[in-house]
Every structure is written in C-alpha cells, then in structure tokens.
Amino acid sequence: MAGLRHSVSSSSFNSSAPAPRDLTFTPSSAATSQTSAPTTALVPLDLGPPGYNATIKLYERTANETTVFLGPWDVVSAESRRVVWRCSYAGEVLEHFLPSEYAADIFPYTLHSQHRRFGDPREMELYLTFREHHRVRYTTVDGLFHDDYIEVKYEFTTIDCSMQFQGDLRGRDLVDWYDIDVAWSDTHRRTDSYGNVRGLGTIQRMKLWRDRYSNFHYFTFYANYRRRWKEYMVHDFDADFRQRDDRHRRLQLNVRGARRASASEGHGRDRRFSASSIFRPRNGGSSSHGGESTGELRYLGIQFTRNDRAEPGSDDYRRFIDLIILSVNAGSSSVKVSVYSAEYGQPPVQLAEAQISGLTAPPAILDYTRGSEKVIKADKMNDKTLSQRDAFGVLLKTLVDDADLPQISHKDDIGIVCHRIVHGGDYNKSQLISPDTYRVLEGLNDLAPLHNSNSLGIVQACIRDLSGSRNIACFDSQFHSTIPPHIRTYPINPDIAQSNKLRKYGFHGISYSFITRASAKFLGKSKDKLNLIALHLGSGASACAIKGGKSWDTSMGLTPLAGLPGATRSGSVDPSLVFHYASDVGRLSPASTKELHISRAEEILNKEAGWKALTGTTNFGIIATSNDPPMKLAFDLVVDRICGFIGSYYVSLRGEVDALVFAGGIGEKSDKLRRAVVDQISCLGFALDEDANAKKLEDVVQDISGAGAKQKVLVCATDEQFEMARVCAEDQDLWP
Ligand SMILES: Nc1ncnc2c1ncn2[C@@H]1O[C@H](COP(=O)(O)OP(=O)(O)O)[C@@H](O)[C@H]1O
Ligand SMILES: CC(=O)OP(=O)(O)O
Ligand SMILES: [Mg+2]
C-alpha cells in the first residue's frame with residue numbers, strides 16, 4: 001500500500017545505533033503495520049519536519065511488530081490521567097495511560113550512559129521507558145488496534161522534545177541529569193560487609209527537576225535494590241557538601257538539621273565548600289511540597305560517573321558541584337556576556353561567551369561561542385537600534401535556548417550575575433546589589449552617562465527575570481581607589497570638591513586588574529613589584545600607570561569623558577570649549593530621562609565628538625587602514641594623545657616600567673596603531689618586533705617587543721567578564 005511501510009526491526013533500545021531521524025517522513029509516509037493500515041480515505045495531518053516527535057513500538061518482537069509515529073501530545077487528566085498522542089492520520093490516536101493520578105508519581109526512566117558506551121551520554125535521554133508496565137491503547141480509523149499493558153519505550157527525535165515530554169508527565173521540568181555510579185545513605189551504606197558496592201542504587205541516571213508551580217527543585221533516582229523510586233527535595237539538604245572527594249567524584253549531602261553525619265566513609269576533607277545554585281534556598285522552602293521525606297535519613301552519598309569526553313567544567317560531577325556565573329559587561333558600544341562554571345576559591349571555567357557589538361553603529365552584530373565552537377558568527381541584527389538592555393535580553397535568550405548548553409537550560413540555573421558597573425563612586429570593592437546599593441548606584445548615573453544607567457537597566461532585568469540569582473556589582477572605578485591624593489585631587493575649592501565628591505575616579509579598572517594579573521604571570525614577576533603603562537583602547541579609551549600592581553594614575557577622571565578621545569567622546573579638551581561650541585549648553589538635553597540627566601554640554605562632548613565626529617565612523621579599524629585625509633587626521637590625533645599619556649606616565653613612574661601593554665578592541669586588533677605608537681616612543685627605549693606585531697593574538701598575553709628594547713611591549717586579550725567572575729569566586733562576601 002502506497003506510503004505505508006511494514007516495519008519490523010530490532011529495537012534500537014540499548015544498541016549504539018543513532019536515533020532514527022526519518023527526514024523523508026511525510027504525513028502519508030507514516031509507518032504502521034499492514035494490519036493497522038487505514039482502508040478508508042485518509043486525511044493526513046501535517047506534523048511538520050521531521051514529521052514526528054517520537055516513535056513507539058507495539059507488539060514488539062512479534063510478527064505484528066509495529067512502529068507508530070507520534071506527533072504532538074497532550075496530557076489529559078479527565079477520567080484517567082493519560083497522554084494522548086496524535087499520530088500521522090486524523091482519527092489515529094495513541095493513548096498512554098499513566099499509573100497514577102498524581103503527576104509527580106510518574107518516573108520516566110533513562111538508562112545510564114554506560115549502557116551505550118560509544119554514544120553521546122546526552123543522547124540517552126532520547127530513549128525513555130518506565131520501570132513498570134503501562135496501558136497503551138492505539139486506535140486507527142479502522143478501530144482499536146492495541147490495548148494492553150506493555151513495557152513502554154519511547155524513542156524521541158530530539159532531546160528537547162524528550163525533556164518537554166518528561167516535564168509534562170511530571171508537572172516538573174527536567175533541569176539536568178547526572179550519571180552516578182552509586183548513591184548511598186547512612187542506613188544503606190556504600191558497601192556491604194563483604195566490601196561489595198551496594199548503596200541504595202547503582203549505575204543510575206539521577207535527574208534534577210523543578211516543580212512548575214512551586215519552583216522547588218527535586219532529584220530522583222531508582223533504588224534498584226528496593227525496586228522503588230526515591231525523590232528528595234533539594235532544599236532538605238545542606239548547601240555545604242561534606243566528605244567531598246574530587247578524585248573519586250564523591251560527595252555527601254547532609255540532611256538539614258540532622259545530627260552531623262558520620263565521617264567514617266569517604267576520604268574527603270571537611271570544610272566549607274561552595275554549593276551549586278540549586279542548593280541555595282529559593283522562595284523560602286519546607287519539605288511539605290512533595291518528594292520523599294528525609295525522615296530518619298542523615299545523609300545521602302553520591303559517586304558520579306567519570307565521563308572523560310565531557311568538555312572542561314561540564315562533566316556530571318562538576319555540573320552538580322559548580323555554580324553558574326553570568327558575567328555581564330555593558331560597554332558604551334557593546335554588551336558581552338560570558339558563562340562560567342565556578343567553585344569557591346577556584347578560577348572559573350568559561351563555558352560560553354555571547355556578545356553584541358556595534359550598538360552605536362547599527363546593524364549590531366551578534367557572536368556566540370560555546371566551548372571552542374563558534375555557534376553564531378557575526379550575525380547582523382535586524383533591529384535598527386538596540387539598547388544595552390535589549391541586547392542583554394537577546395544574549396540571555398541565546399544562552400537559555402541553546403540545547404547544547406545544558407548548564408543554563410532555565411534562567412534559574414544561574415547562581416550569580418556579576419555586572420560591570422562603570423562608576424562605583426566611593427565603593428572600593430565589588431558589592432552584592434541590595435536595594436540600598438541599588439539606590440546609591442542610581443545616584444551615580446549622571447557621572448557615567450553612556451554606561452551606568454544602561455547597566456542598571458540590565459540589573460533591573462535580572463532582578464525581575466532571574467529571581468534565583470545574586471546580582472553583584474563590579475566597578476570599573478574600584479581598581480583606582482589606590483591613586484594617591486596629589487593625583488586624584490582637582491585644583492578646585494576643596495569644600496565644594498568634598499561635598500560634591502569631585503575627584504578623579506578612573507575607569508576600565510576591571511580590565512586593568514585583569515591586565516596586571518595576566519602580565520605579572522606572563523613576565524614571571526610578582527604583582528606587587530610590577531610597573532606597567534597599560535592602554536585600554538576601545539570605544540572608550542584610557543591609559544593607566546600601574547605601580548607595584550596598583551593604580552597610580554589613569555587618564556579618565558570624574559567621568560569617563562576625560563583623557564583620551566573615544567569613538568564619540570572628545571577626551572580632554574579645554575573645559576571652556578563647550579561654551580564656545582554652542583549656546584545654552586547648560587540646559588538639559590532632550591535625550592535626558594527620569595533616570596539620567598544629561599546637559600547639552602555633556603551630550604556634545606560624550607556623544608557628538610570623538611573620531612566619529614572627525615570621520616563619520618565609530619570603527620577605528622576603518623580609520624587605521626584608510627588614507628583619506630580626515631581618517632588620517634583622526635588616526636594621528638589619537639596616536640598623539642596616547643603618546644602624550646605614555647610620556648607623562650613614564651616620568652611619573654620615574655622610568656621604572658616593566659612593560660607597555662595594549663588591550664581593548666583597538667589595542668588588541670590594530671597592529672597599525674601599535675606600530676605608530678611604539679615608533680613615536682622609541683626615544684624611551686621601546687621597540688617593536690614587526691612580525692610578532694602583525695600576528696593574530698593567540699594567547700592571553702603576547703610579547704611584541706623588538707630586539708634591544710629596554711622594556712617590553714605586550715598585547716593582552718583583556719577579559720573583563722573573567723575578572724568579574726574571578727572576583728566573585730574569591731570573595732566569601734559575594735559567594736552564596
Ligand atoms: N580590526 C580592528 N582594528 C582596529 N580597531 C578595531 C578593529 N575591530 C574593532 N575595532 C574597534 O574596537 C572597538 C570595540 O572595542 P571594545 O573594547 O570591544 O568595545 P567597548 O568599548 O564597547 O567595550 C570598536 O568600536 C572598533 O572601533
Ligand atoms: C569606561 C568606558 O569607557 O567603557 P567602554 O570603553 O566599555 O565604553
Ligand atoms: Mg569595553
């Protein structure tokens with residue numbers, strides 16, 4: 001019969017064959033057995049490519065074996081709770097009756113990845129079964145074809161689909177899963193008296209769920225030895241893992257309030273460990289929300305399975321232990337977001353990075369890298385103008401929607417969001433954003449008009465949408481709190497300076513902190529003996545004199561307007577210039593908002609100046625490679641101002657300079673600018689190696705100094721997002 005295939009095949013369950021994806025599937029090619037083939041006129045349903053979500057086998061391993069292609073499903077509760085699957089033809093329905101009226105009593109079962117040694121462990125989730133037989137009724141237009149209790153085995157076409165299905169069955173979304181070798185407790189010890197590994201369950205896929213109504217987290221595993229499911233509420237356990245043993249990937253979860261568990265097992269040290277974000281209390285919490293009561297249980301031990309093929313930071317053990325940090329760097333022309341897996345006291349491991357650049361010169365460009373894979377490369381965004389907050393929304397969605405980034409499958413998976421806040425006023429260290437800190441920061445908006453209010457917009461979005469995470473403010477100004485008084489003071493009335501907090505604050509400090517650390521490591525020199533002249537050259541550009549690893553002077557001042565010119569910023573000019581530029585510059589600009597008050601004078605100098613005013617483009621890459629006279633003028637002007645600061649800082653550091661460091665979008669990418677600068681400062685003993693300078697940046701720090709140079713010239717791929725995540729992972733006050 002046309003379009004119908006008799007399909008008797010050996011089950012692909014437990015085999016290492018890839019999941020079937022019938023790309024030639026069309027509604028009328030739905031494979032059923034001859035006996036179930038409808039004989040009346042068919043009305044095919046359009047199930048869309050690939051045409052079906054899952055398959056199920058009926059009469060398996062008999063002559064009548066039939067594969068049914070399943071389309072969309074509904075979980076209905078009327079009469080008995082069941083899944084109703086639409087199949088390929090109108091009138092063809094497969095009903096899967098669930099054994100309990102209570103959603104959370106259903107436990108979809110997936111095999112541990114050991115059962116498919118050569119496959120991708122994630123793909124195990126495509127194959128779903130249950131530990132008990134369920135009733136399956138299959139009706140075609142010709143009538144009832146199957147109605148019996150069977151071992152239900154679904155084979156899904158995508159992992160997403162399987163996850164969605166499992167969530168619908170349980171009323172709890174499947175958040176993540178972990179293959180474990182053994183789970184044990186104080187009553188069911190890991191090994192029996194003969195030393196055999198027993199515990200509660202062995203070779204399990206432990207699953208983590210989030211209740212759709214309460215948002216509480218639960219984990220489940222199958223206690224094979226007792227032949228029953230165990231489901232525990234995460235909140236019932238302490239956030240501090242005990243008896244942790246990284247070598248064997250073991251840890252112990254202590255029941256909250258239970259007497260301290262015995263330390264007779266495991267080889268771990270007993271100290272405070274960081275816990276994954278799920279172990280932090282959410283929305284209050286008590287055990288009355290379902291799941292098994294921990295009762296007499298004092299602890300649960302878990303040993304995770306080793307998965308050598310997992311990317312760094314993403315194996316099951318690490319996913320369970322680590323906290324996910326999102327680092328948000330909202331610059332004047334870009335928003336960059338990096339995702340880290342982090343443990344307290346350890347350097348964060350980057351999992352992904354997404355950024356939207358060119359916000360001030362639409363169309364903005366989206367790039368997304370996961371691990372070492374470039375997932376999205378220079379995608380032009382359609383929207384004409386995107387605010388920093390809009391851009392953040394797009395980036396967050398990109399991360400959450402990426403099925404291959406299971407660490408963030410839901411916004412709740414993010415434990416910490418650290419925000420780059422350019423102006424931090426008098427704060428000299430990063431802060432947890434409380435309502436009080438937020439109010440202080442709002443008061444600083446006018447002092448960084450291209451930055452602070454945009455960043456606070458993102459903070460607001462996180463407070464609203466990522467209610468499970470802590471928001472941390474990392475300030476660009478905090479690195480500069482060491483600038484000595486004679487450098488940070490302006491020669492103005494001291495009382496007014498004091499009351500209006502008028503002094504040099506300095507910015508790009510997160511970047512300078514990263515540069516200092518990275519350069520010290522590269523040069524093999526202790527940070528507190530390191531003297532640098534560092535240049536962060538991006539849409540906003542600045543220079544910094546670093547003495548003994550600390551900021552000694554920097555070119556930006558009370559606001560990020562002072563010092564070097566930027567894409568749209570004038571940098572330092574005669575302060576009275578603006579009064580001759582236009583009349584009435586003291587009035588508020590029409591661009592002012594409730595959150596941000598900006599005068600015409602500030603608007604002219606911040607947004608209508610810089611190399612864009614001279615050339616018409618914000619892109620310094622074009623300027624550096626053009627011979628057009630206005631472009632050349634802008635290039636020479638920028639080189640001149642940079643060299644001015646280098647000369648000044650060279651003297652300020654009394655000639656004791658270990659290296660000149662280029663960083664930021666321009667500093668890292670423009671070999672032409674680096675050549676022009678180093679050429680002009682050769683009188684100070686700097687020299688360039690042309691070949692090294694022309695090479696693409698491959699390491700965090702690259703040496704481009706020429707032979708006979710008195711001090712080094714380095715290029716540093718600065719990473720403000722990493723620096724923020726590192727600060728959070730090292731500071732007990734910031735860590736949950
Ligand atoms: N190949 C290049 N050569 C010189 N400059 C470049 C090049 N590519 C990008 N840029 C400059 O880098 C700037 C972005 O720097 P970046 O530090 O990433 O920005 P932001 O200041 O927004 O943080 C762009 O505005 C552009 O002028
Ligand atoms: C402070 C500053 O100007 O930052 P950015 O270069 O990221 O705009
Ligand atoms: Mg920047």
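Owing to the predicted nature of the structure, the values given are computational and were not obtained by experimental measurement.

With that out of the way, let us pick up the site of ligand 2. In the region of ligand 2, the neighbouring residues are Gly331, Ser332, Arg420, Val422, His451, Asp476, Phe507, His508, Gly540, Met556 and Arg569. Contacts to ligand 2 include Gly540, whose backbone N or O atom sits 3.1 Å from an oxygen atom. When isolated, ligand 2 has an accessible area of 260 Å², and the protein chains bury 93% of it. For the shell around ligand 2, the residue count by class is 3 nonpolar, 5 polar and 3 charged. Both domains that furnish three or more residues to the shell around ligand 2 are identified here as domain 3 (322-474) and domain 4 (524-571 + 609-721).

Here the focus is the UniProt feature "site: Transition state stabilizer" (unreviewed entry) in the chain. The UniProt record annotates "site: Transition state stabilizer" (unreviewed entry) at His508 and Arg569. The residue His508 is located in the loop between helix H7 (494-499) and helix H8 (509-523) in this model. Given the relative accessible area of 6%, His508 is considered buried. The contact partners of His508, leaving out residues within four places of it in the chain, are Arg420, Asp476, His480, His536, Gly540, Ala541, Ser542 and Met556. Along the chain, Arg569 falls in the loop between strand S27 (550-554) and helix H9 (577-581). Here Arg569 is in contact with Ser332, Leu450, His451, Ser539, Gly540, Met556, Pro560, Leu561, Leu605, Asn606, Ala609 and Gly610, once residues within four sequence places are set aside. There is a polar contact of 3.2 Å between the side chain of Arg569 and the side chain of Ser332.

Taken together, 14 residues lie around ligand 1, and Ser333, Ser334, Lys336, Ser539 and Phe620 are the ones closest in. Taking Ser334, its side chain carries an N or O atom lying 2.8 Å from an oxygen atom of ligand 1. With respect to ligand 1, the side chain of Lys336 contributes an N or O atom lying 2.9 Å from an oxygen atom. For ligand 1, whose accessible area on its own is 590 Å², the fraction buried by protein is 79%. It is helix H14 (residues 664-669) that provides the largest number of residues to the shell around ligand 1, a total of 3 residues. Here the residues of the shell around ligand 1 are counted per class, giving 2 nonpolar, 10 polar and 2 charged.

On to the sheet that holds strand S20 (residues 365-370), then. Sheet architecture is open: 8 strands sit in the order S21-S20-S19-S18-S17-S22-S24-S23, paired in mixed fashion. Each edge of the open sheet carries a strand with a single partner, namely strand S21 (373-380) and strand S23 (431-432).

On to the packing of aromatic side chains, then. The geometry of an aromatic ring pair is captured by the separation of the ring centres together with the interplanar angle, meaning the angle of the planes. For the structure shown, the criterion picks out 31 aromatic pairs. An angle of 90 degrees between the planes, with centres 5.3 Å apart, marks the rings of Trp73 and Phe165 as edge-to-face. Here Trp73, found in strand S3 (residues 73-76), pairs with Phe165, found in helix H1 (residues 159-170); they are 92 residues apart in sequence, far enough to count as distant. Judged on exposure class, the residue Trp73 and its partner Phe165 are both buried. Relative to Phe475, the ring of Tyr427 has its centre 5.2 Å away and its plane inclined at 5 degrees; by these criteria the two rings are stacked. Of this pair, Tyr427 sits in the loop between strand S22 (416-421) and S23 while Phe475 sits in strand S24 (residues 470-475); the two residues are 48 residues apart in sequence, bridging distant segments of the chain. On the basis of relative accessible area, Phe475 is assigned to the buried category, the value being 0%. Following the ring pairs from residue to residue traces out a cluster consisting of Trp73, Trp85, Tyr154, Phe156 and Phe165. Positioned above the aromatic ring of Trp209 is the side chain of Arg170, whose terminal nitrogen or guanidinium carbon lies 4.6 Å from the ring centre. When the ring centre of Trp552 is taken as origin, the NZ or CZ atom of Lys547, which lies over that ring, is 3.8 Å away.

So, on to the side chain of Thr615. Mapping Thr615 onto the fold places it in helix H11 (residues 610-615). By relative accessible area, which is 18% here, Thr615 ends up buried. A distance of 2.6 Å separates a polar side-chain atom of Thr615 from the backbone oxygen of Trp611. Not counting the four nearest positions on each side in its chain, Thr615 is found in contact with Ile623, Pro630, Met631 and Ala634.

The next thing to look at is the UniProt feature "binding site: ATP" (unreviewed entry) in the chain. Here the UniProt-annotated "binding site: ATP" (unreviewed entry) positions come out as Lys336, His536, Leu537, Gly538, Ser539 and Gly540. Relative to the elements of secondary structure, His536 occurs in strand S25 (residues 532-537). In this view, His536 contacts His508, Ser511, Tyr512, Ala541, Ser542, Ala663, Gly664, Thr718 and Glu720; residues no more than four positions away in its chain are not counted. Among the polar contacts made by the side chain of His536, one reaches the side chain of Ser511 at a distance of 2.8 Å. Along the chain, the position of Leu537 falls in strand S25. We classify Leu537 as buried; its relative accessible area is 2%. What Leu537 contacts, discounting residues up to four positions off in sequence, is Ser542, Leu564, Ile642, Phe662, Ala663, Gly664, Gly665, Ile666, Gly667 and Leu673.

What counts and what doesn't
Residues numbered from 1 in each chain as written. Chains lettered and ligands numbered in written order. Predicted model: local features only at pLDDT ≥ 70, side-chain atom pairs only at ≥ 80, totals over all residues. Heavy atoms only, no water. Near = heavy atom within 4 Å. Polar contact = N/O pair within 3.5 Å; in protein donor to acceptor, adjacent residues only side chain to side chain. Areas by Shrake-Rupley, 256 points an atom, 1.4 Å probe, with all protein chains shown as cover. Nonpolar A, V, L, I, M, F, W, Y, C, P; charged D, E, K, R; others polar. Domains from an automatic or database assignment. UniProt positions renumbered as here; feature names shortened; annotations may be inferred. Helix = DSSP H or I, 4+ residues; strand = E, 2+ residues; numbered from the N terminus. Buried < 20%, exposed > 50% of the residue type's maximum accessible area, 1.4 Å probe, protein only. Contact = heavy atoms within 4.5 Å. Pairing = 2+ DSSP bridges. Phe/Tyr/Trp six-rings, centres within 6.5 Å; stacked < 30°, edge-to-face > 60°. Lys NZ or Arg CZ within 6 Å of the ring centre and 35° of its normal.

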